[in-house]
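Structure assessment
Given next are the chains, with one letter for each unit.
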Amino acid sequence: MQLQSNNSKMFDFAIIGGGVVGCAMARQLVLDGAKVILLEKAADILDGASKGNSAILHTGFDAPVGSLEQKCITKGYEDYLALHEQMELPILKSGAMVLAWNTQQEAKLDELIDQAHQNGVADVIRLTRQQILDREPNLSPNVKGGFLVPGECLIDPWSSPHAYLTQALLNGGEVRRNAELLSGSFEGDHWHLNTQAGSITARTVISCAGLYGDVVNQRLIGKKLFSIRPRKGQFVVFDKAASKVSSTIILPVPTATTKGIVVCRTIFGNLLIGPTAEEQESRTDASTERETLRDLRQKGIDMFPTLANYDIAATYAGLRPASEEKDYRLTYLAEQNYLSVGGIRSTGLSSALGLARYCAEELLKSSKNFSAIKGPIIPKANRLSDYHPRDWQGSDHGEIVCHCEMVTKREIEQALQDPLPAKSLQGLKRRTRAAMGRCQGFNCMGTLASLTEGHFDRPIGEADHD
Ligand SMILES: Cc1cc2nc3c(=O)[nH]c(=O)nc-3n(C[C@H](O)[C@H](O)[C@H](O)COP(=O)(O)OP(=O)(O)OC[C@H]3O[C@@H](n4cnc5c(N)ncnc54)[C@H](O)[C@@H]3O)c2cc1C
């Protein structure tokens, strides 16, 4: 099954896209024993939908019963908990409460609890209004009712996928960045792919191209299979001091189209409110709008009146790779050795490991075709969680470069040297959180520019500061 030629290596799998899904897929297939290359069009990974989300590890309690999404979230959740021990992936076991603020929402609670139980999330329980207020004393007394989902957690949206792909690389996988897939042809038993970074041959192609999933399908198999309908979600991030306002993830009663506006802490020590759900044409416009942010802030204050006393530290928006259907869009074309993994709309961070396992076991049957790596190398994740020991807290931490997020020089140097080194300012931010705090880099950008000299394709100053 594994071929090699002198000049051009034959990979078993070429994965298009270094979002959380592609990173998890690469890890799974490398550990299964396959030769894998991941191709990412941006200068660094996590440049699409995976760069801006709410970072909740969902239990799948509200996923449509029996859907592929529900199945993958369940597997992904289990796998994350197992891997978190091995790789020290950060996790904040905060639990969530789904709250009703009017009688119509209240009327839906029992149905949602029943759905959660059908989805195997058995510990979901109804709470009295008083129990809710006891748990969250800062909550507005206007709350009508709700239920507890103890298993919902907060995780790090970047260190986790970074660790998945790092494990793939440490165990023989390859990655090529600045390598947009441009075109390709299936030559009977393998693919010849043309990328911005040269040509690649691989037996099987797996498209995990997120917001460009339909575009990549069109380029390779001549049909889109689905249409991406980007859905923007804007967020307001409150100062770290606001994290003491609420300890549980506060979820609204979901609607058919969105999980709704959430209030939750972040693993980095802030408190956020969002996301909105705005359909748009653009696959790249992740701008925020003043009016929307003002509404979000007000929504937060309506739920937690004391939030009016806290400052906003940052705002951001992410784009969901939604399609015309709610469920994930998986198509395996066995006769063309092509797997399209698309439409991973709003739960991909939670489901990625499960989705990768599902694809490997059920569709690609990789364990039958390859021999799993024995005793794989297990990397440790970057330690960015404010709820766990950080590098600066050690007595030997040395110089601190970013004082807002307490990022050490050692962490910056590590991020530039690790097996998957940062290749852009955005990539560095996602590995270290440097320049992501209150001053947004005002104080440390000069030092970052000199520390990163020669490491990025576009030096700091020339690059976009997004
Ligand atoms: C506002 C918001 C909130 C969310 N909240 C949560 C949450 O709390 N919990 C949760 O589990 N999930 C959440 N999600 C969902 C999660 O972020 C997505 O499901 C996930 O990021 C999708 O990942 P992906 O790998 O499919 O796509 P992407 O992250 O978009 O990755 C695709 C990659 O493919 C690359 N690419 C595209 N075209 C090409 C090409 N031609 N050649 C090479 N590379 C290419 C892109 O550059 C990109 O890096 C949220 C999403 C948003 C936007």
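Overview of the structure. (Residues numbered from 1 in each chain as written. Predicted model: local features only at pLDDT ≥ 70, side-chain atom pairs only at ≥ 80, totals over all residues. Heavy atoms only, no water.)

**Brief notes about the pattern of salt bridges**
For side chains of opposite charge, pairing can occur when their charged atoms come near one another. Going through the model one piece at a time under the given rule, you end up with 27 salt bridges. The residue R219 makes a salt bridge to E180 at a minimum N-O spacing of 2.9 Å. With R219 in helix α7 (residues 213-221) and E180 in the loop between β9 (174-176) and β10 (181-186), the pair connects residues that are 39 residues apart, well separated along the chain. Residue classification places R219 among the partly exposed residues on the basis of a relative accessible area of 34%. The residue R410 makes a salt bridge to D391 at a minimum N-O spacing of 2.7 Å. In this pair, R410 is assigned in helix α11 (residues 409-417) and D391 in the loop between α10 (366-369) and β21 (400-402), connecting sequence segments 19 residues apart. Judged by its relative accessible area of 33%, R410 is partly exposed. Assessed through its relative accessible area of 10%, D391 is described here as buried. The network of salt bridges with shared partners includes K75, E78, D79, R357 and E361. (Salt bridge = Lys/Arg side-chain N within 4 Å of Asp/Glu carboxyl O. Helix = DSSP H or I, 4+ residues; strand = E, 2+ residues; numbered from the N terminus. Buried < 20%, exposed > 50% of the residue type's maximum accessible area, 1.4 Å probe, protein only.)

**With respect to the nonpolar core**
Looking at soluble globular proteins, one finds that nonpolar side chains tend to be buried together. Counting 78 residues, the largest nonpolar core has M25, I206 and V341 as its most contacted members. The residue makeup of this core includes at least three contributed by each of domain 1 (10-51 + 158-226 + 327-369) and domain 2 (96-150 + 229-320). The contact partners of V341, leaving out residues within four places of it in the chain, are V21, M25, I206, S207, C208, R329, L330, L355 and C359. Judged by nonpolar contacts, the second largest core, of 24 residues, contains L127, I132, A242 and L271. (Core = buried A, V, L, I, M, F, W, Y, C linked by side-chain atoms within 4.5 Å. Domains from an automatic or database assignment. Contact = heavy atoms within 4.5 Å.)

**Brief notes about the sheet that holds strand β3 (residues 56-57)**
Pairing is antiparallel in the open sheet, where three strands are placed in the order β3-β8-β4. In this open sheet, the two strands that pair with only one neighbour each are β3 and β4 (91-92). Across two bridges, the pairing between β4 and strand β8 (residues 153-155) is antiparallel. Directly across from L92, in β8, lies its bridge partner L154. (Pairing = 2+ DSSP bridges.)

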